[in-house]
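Listed here are the chains, written in short residue letters.
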Amino acid sequence: MKNVPIDLPIPTEDLVSCVSCGLCLPHCPTYRVTQEESASPRGRIALMKQAHHDGVVDDEFVEFMDTCIQCRGCETACPAGVQFGSMMETTREALATQTRYQPWWARLGYRTLGWQKALRAGSALIALLQRFRLVPQKLGLPSIPIIQRPLVSSGNDVWLFTGCIMDAWMRDTHRAVQRVLESTGAGIAFPDKRANCCGALHVHAGLAPEARRLALRTMQAFPGDAPILVDSAGCGAQLKDYGHLLDSDAAREFSERVLDVHEWLAQRLDDLPEKTGLSPRIVVQDPCHLRHVQRAHESVYQVLGRYVEAVSLDDDGLCCGAGGAYSTFHPQIASDVRDRKIRAIEEIQAEEVASANPGCLLHLRSGGLEVRHPLEIVDGLIKKDE
Amino acid sequence: MVHKSADKKLLSELRSFLGDRARDGDFELGLYAKDGSVLKGDPMIVCLPTSTEEVQQIILACRRYDRPFLARGSGTGLAGGAVPVGDPVVIATAKMNKILDIDIDNRIAWVEPGVLNLDLSRELSPLGFHFAPDPSSQQVCSIGGNVANNSGGPHCLAYGVTSAHVAAIEVVLPDGRVALLGDLTAESPGYDLRGLFIGSEGTMGVATKVAVRLTPNPPEVRTLLLDFADVRDGAAAVSSIIANGLIPAALEMMDQRAIEIVEAFVNAGYPTEADAVLLVELDGLPGGVEHGVEVVRAVANRHQVGSVRVAADDAERALLWKGRKNAFGAVARIKPDYYLHDTVVPRGKLVEVLEKVYQIADAYDLIAVNVFHAGDGNLHPILAYDSEEKGVLERVQAAGRAIVTASIEAGGVLSGEHGIGLEKRDYMGMLFSAHDMATQDLVREAFDPDGFANPLKVLPSGSRCSDSFGQHVPDGAWV
Amino acid sequence: MSRVEDIDQEVLEFAKIVGKSGPVTVVGGRTQWAVGGPPEPGTREVRAPAGIWSHEPEEMTVRCGGGTTLGELSEQLAHHGQMVPFDMPAEATVGGVLAVGHSGLRRLRYGDIRDFVLQIRHVDHTGQIVSSGGPTVKNVSGYDLCRLMVGSLGKFGCIAEVTLRCLPIPAITRWFTGILDPFEVHNQLYRPSSILWDGNRVWVCIEGVLSDVAAQAAIFDFEEVAGPPSLPAGGRLAIEPKGLRTHKQESDQSWIAEVGVGLIHTDLPAAQRHINDVNVSLMEELEERLNPNNRLNPGRQVLI
């Protein structure tokens, strides 16, 4: 497409808040692997300014916007506090609503995420194919059970958010998280099927109206005022953002109840079972949505640190390239970004990698690493102690 | 923005060896119109070479089509040195980012120009070395850019600027020949072309490989934060520390407004109620460092210091430095635009010039923030403003000129480390006579008689006899 | 003191003495007179003005005439506990040392002498004064003509006035010696001021506060000595620092090398070093523009 008119509704004061100092560049995963100004936060903001001013965009512009992983590492790095994430979301929403960005098949794909029956049917099909060894191992998918055992609530102290893909593919992780939470004496409630998609991927893709619909539905699944715990950093960031997405008091109250599961545990370290035996050396990958968006990554080290020797990476929390659906649509950049992360991980001699986000976890596994959710690691160590 | 249609022949010739790394898309060109300064230009074509040979071919092609060219590193320069004027081809060296060889026996590393300053030091760190120049932008600025600007940084107070840390440079000259300036010996034969090239802001050619010297990491480092209720006491303490025979590794100052802005970003516990803080770093062998800490404490006490905080560990040290090094960008928290100066004054004149800076800012109804390398008298007054405000640009420029004038009247110079670029070239006459500048131009001409390399930079229009690509900074260059 | 109107009377006088025509050479202390060969017979000899014109201890800078001797300079600076570590004979002049460009024995720690130059005023071939650099400790205003002047043997102008950066004199300066592996010494010590080696014996200069000097010296089996050995009076051979590792096998002459620097002092005259054609052409372009009639130091050769 060429010279397509567009109205980019980003407030001018947000656009000019970037002084183009460039301090974000080394913290941007796509700039790091391409060294292209157009693949940097500073560059993308300059492009938004230009499109905002000229009122037209073309394929070149769309490409530059679409290659952003939305890790928001630039926000942590930005001394001026530029709100890059919301500017990118607004841009993508404008592209999705005003241009042919996001074709019908992509929209259908995102639709499926919140449509439990379709997701289950698709997952069962993958599970079946896995039994016949027809799914390449390099995709890094977990072994998906053909028939899912249901999750069973054990009380009302806290909610545990279940989500879409994670619930379909990695329900055992939820079970492990449940066991760790229960070890502190808490009773866990699971939401009904209205909470089967938080809408994060939709926001990333610019499909905000769909995301708002999913948000309203999700909120209904959590009555009362018990804390809502999330064991997926990406979903947690999204739930915490409902106040902003829906701009309502109810949504803001909801968002305030949301905590990453590690944040909640970090406040109750003394309630967790004692550690016995040796501490394995575990390298922790900070998911962007935990570190740069929720800014809660330290809690993972606090919880994990009780049971293992938790080692952090010396890469300023640079993204691993997963980015929700990003690795599906931009496999090359995603894999280049991942190579960088894998090199950093391999420099540290550790037994295993911990990642508190299912997207990162699967992406790193498909790069050949042994990765588990931090609480799955904790769960294993607690059980041994009993 | 409407671009001139690129010279299609030149573009297709560049594409014949660069492929899609020669660009002329409207959106893409817009990205290379600016660097970290307030100025904006207009590139004609952007090239992203990956080797010396490609840089050479680009320059030869430019010569065939009578096109000037301009090298760009990370685009963080603050004086408009990488702002394209005169419709040049931009040669962005970002993709030339390999560390080619680390030669510990010679204490040298050969790097490509696009290697980022901090990446290099991080790579060297496990071996016990670093690259000493550390501009505030070190996480993103490139070695090529450091060479072009003879960059400094807080630690150049003790270790010296880029020129002292570069042994040799491979350069593609403006006529397309490749030269090696300097060598790995201590006394390279002939005139010091290497020393001349460093700081020439890309007007003598494009650096394609750099041999940097490795500095051993100090066994002991101590970082102190001193706060003062009066900025004058802080400045007096600076002179006094130096006069006591101590050269700290770094000696940085922030005024009250800077402290507030920085603290909002880093939460390092900077005392926001203080009128000024000094960040003092001492490094070396333990005895010398201990002695230094004592001297600093004693001097600080004589100058009514509020408190002396010694960073307990590396993490606290890093946090304090993070605040200092992000100060400029953080200014955007109070106003969307800023204009940063870089004058140097004798240390003894710091207070006098600082007070003038505040008076000037008041007179022009602007906000002045001061974060600077106090140890070497290198002021960085920041004028914060909102370019949407009517008539503000004229006020900012007039205030800038007044600050430069005040600094030079106090016995100072135009630029300590950012360079002259496009921004300050017309101020050169405040420091140099017409004959001084004509001599500088003769020297530049020896490398580039036709003015193809980064036209319209460093020397004011009129003093360059070969300004064939336009005479003045184009109207509206300020953004 | 940076603008044209502030130029000292002595410098203006010197410009008149250099004049506009006729071959001319500046004489300093004649301590390195032979470098680059003697000026052509009949070349008029002039002397740059001498004297320390300003020294502000707080600024750690000193401004003096090019004809000032290092002895006079050191004495003035030492009053305030400061130094400029050029380490050349006391009768050598500041301008002369810079024009030759050779650094002294403590370069390993303090770096090249060119990195101490802040500002130079010279008289060019037209008899006019040219200022370059600036009086402050840090400056990137304009092209770095100061660095070009250092080591140019006066071919680009007669150095009239120099502003230098000073350093504090270290609390302790000690020389040690021992039969050791010099490269190991270089790797183990933190920024020693000098390591000399004759292929057998090592001399090391360590400076700083007493406890540090003692601790550094204790790393090796050193014996304290009064000072460095006397150096062979012939030429200087500069090689890559690591090249010294094999130099011992290659040379049967007596020599003393600066380890970590790669400079070898020998009894033989300095060997000519090759400069490649591209660099020669650039250097000739400079000579053509800055010394078109070769009236400055005719006969002396930087380009051999």
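Conventions we followed
Residues numbered from 1 in each chain as written. Chains lettered and ligands numbered in written order. Predicted model: local features only at pLDDT ≥ 70, side-chain atom pairs only at ≥ 80, totals over all residues. Heavy atoms only, no water. Core = buried A, V, L, I, M, F, W, Y, C linked by side-chain atoms within 4.5 Å. Buried < 20%, exposed > 50% of the residue type's maximum accessible area, 1.4 Å probe, protein only. Helix = DSSP H or I, 4+ residues; strand = E, 2+ residues; numbered from the N terminus. Pairing = 2+ DSSP bridges. Domains from an automatic or database assignment. Contact = heavy atoms within 4.5 Å. Buried area = accessible area lost by both parts, 1.4 Å probe. Salt bridge = Lys/Arg side-chain N within 4 Å of Asp/Glu carboxyl O. Polar contact = N/O pair within 3.5 Å; in protein donor to acceptor, adjacent residues only side chain to side chain. Patch = residues over 30% accessible without salt bridge, like charges linked within 9 Å, V, L, I, M, F, W, Y side chains within 5 Å. Areas by Shrake-Rupley, 256 points an atom, 1.4 Å probe, with all protein chains shown as cover. Arc of directions from axis to C-beta. Phe/Tyr/Trp six-rings, centres within 6.5 Å; stacked < 30°, edge-to-face > 60°. Lys NZ or Arg CZ within 6 Å of the ring centre and 35° of its normal.

### Focus on the nonpolar core
No. 1: In terms of nonpolar packing, the biggest core is built from 105 residues, with A:Met48, A:Phe61, B:Tyr270 and B:Tyr338 touching the most fellow members.
No. 2: B:Val111, B:Val404, C:Leu73 and C:Val100 belong to the second largest nonpolar core, which has 84 residues in total.

### Looking at the pairing of strand E15 (residues 255-258) of chain C
Residue and element names in this part refer to chain C.
No. 1: Here E15 shows a buried face lined by Trp255 and Ala257 and a second buried face lined by Ile256 and Glu258.
No. 2: With two bridges connecting them, strand E11 (residues 194-197) and E15 associate as antiparallel partners. Bridging across to E15, tryptophan 197 finds its partner in alanine 257.
No. 3: Note: E15 against strand E16 (residues 263-266), four bridges, orientation antiparallel. From the neighbouring strand, glutamate 258 faces E16, where its bridge partner is leucine 263.

### Details of the domain arrangement of chain A
Residue and element names in this part refer to chain A.
No. 1: Its domain assignment divides chain A into domain 1 (4-98), domain 2 (112-265) and domain 3 (273-385).
No. 2: The straight-line distance from the C-alpha centre of domain 1 to that of domain 2 is 29 Å.
No. 3: The interface of domain 1 with domain 2 comprises six residues on the first partner and 10 residues on the second.
No. 4: Around 600 Å² of area is buried between domain 1 and domain 2 when both sides are counted, 53% of it from carbon and sulfur atoms.
No. 5: At the boundary of domain 1 with domain 2, the tally comes to one salt bridge.

### Considering the interface of chain B and chain A
No. 1: In this complex, chain B contributes 37 residues to the contact, which on the side of chain A involves 38 residues.
No. 2: Taken over both partners, the interface formed by chain B and chain A buries close to 2,800 Å², and the fraction arising from carbon and sulfur atoms is 51%.
No. 3: Connecting chain B to chain A are five salt bridges.
No. 4: Between A:Glu36 and B:Arg23 there is a salt bridge, and its shortest N-O distance comes to 2.6 Å.
No. 5: Taken together, the connections running from chain B to chain A amount to 12 residue pairs in polar contact (both at pLDDT 80 or more).
No. 6: Of all elements in the fold, only helix H2 (26-31), helix H4 (117-124), helix H12 (327-330) and strand E16 (337-340) of chain B reach the threshold of two or more residues within the side of chain B that touches chain A.
No. 7: Here the side of chain B that touches chain A gets five residues from one element, more than from any other, and that element is H2(B).

### Concerning the sheet that holds strand E7 (residues 281-285) of chain A
All names here are of chain A.
No. 1: Spatially, E8-E7-E9-E10 is the arrangement adopted by the four strands of the open sheet, whose pairing is parallel. At either margin of the open sheet sits one strand with a lone partner, and together these are strand E8 (309-312) and strand E10 (371-372).
No. 2: Two elements, E7 and E8, share four bridges in a ladder whose sense is parallel. Across the sheet, isoleucine 282 pairs through a bridge with alanine 310, a residue of E8.

### Re the side chain of C:His55
Residues and elements named next belong to chain C.
No. 1: Residue placement: histidine 55 occurs in strand E3 (residues 52-56).
No. 2: A distance of 3.2 Å separates polar atoms of two side chains, one belonging to histidine 55 and the other to glutamine 76.
No. 3: Only 3.0 Å separates the side chain of histidine 55 from the side chain of glutamine 82, close enough to count as a polar contact.
No. 4: Dropping the residues within four chain positions of it, histidine 55 is found in contact with Thr61, Val62, Gln76, Leu77, His80 and Gln82.

### Points about a nonpolar patch on the surface
No. 1: Residues A:Leu125, A:Leu128, A:Leu129, A:Phe132, A:Leu134, A:Ile146 and A:Ile147 make up a contiguous nonpolar surface patch of roughly 730 Å² in combined accessible area.
No. 2: Structurally, A:Ile147 is set in the loop between helix H8 (116-131) and strand E3 (158-160).

### Things to note about helix H1 (residues 9-18) of chain C
Residues that lie three or four places apart on an α-helix share one face, since the helix turns once every 3.6 residues.
Residues and elements named next belong to chain C.
No. 1: All buried positions along H1 are accounted for by Val11, Phe14, Ala15 and Val18. Considered in projection along H1, the buried side chains sweep an arc of 105 degrees and stay on one side of the axis.
No. 2: Where the residues of H1 are buried, they touch strand E1 (24-26), strand E2 (44-46), E3, strand E6 (117-123), strand E7 (129-133) and strand E8 (158-165).
No. 3: Glycine 19 occupies a position one or two residues after H1 and carries a positive phi of about 70 degrees.

### So, the environment of C:Asp277
No. 1: Summarising the element assignment, C:Asp277 is placed in helix H9 (residues 277-290).
No. 2: Taking the C-alpha atoms as reference points, C:Asp277 and C:His265, 12 residues apart in sequence, are found 28 Å from one another.

### A short note on the packing of aromatic side chains
No. 1: All told, the structure shown has 13 aromatic pairs over all chains when counted by the stated rule.
No. 2: For the ring pair C:Trp197 and C:Trp255, a centre distance of 5.5 Å and an interplane angle of 80 degrees mean the geometry is edge-to-face. Highlighted residues: C:Trp197 in strand E11 and C:Trp255 in strand E15, separated in sequence by 58 residues.
No. 3: For C:Trp255, a relative accessible area of 5% translates into the label buried.
No. 4: Joined through ring pairs, the aromatic side chains of A:Trp159, A:Phe161, A:Phe222, A:Tyr242 and A:Phe254 make up one cluster.
No. 5: Stacked on the ring of B:Phe452, the Lys or Arg B:Arg63 has its end atom at 3.8 Å from the ring centre.
No. 6: Lying over the aromatic face of C:Trp33, C:Arg30 brings its terminal NZ or CZ to 4.5 Å of the ring centre.

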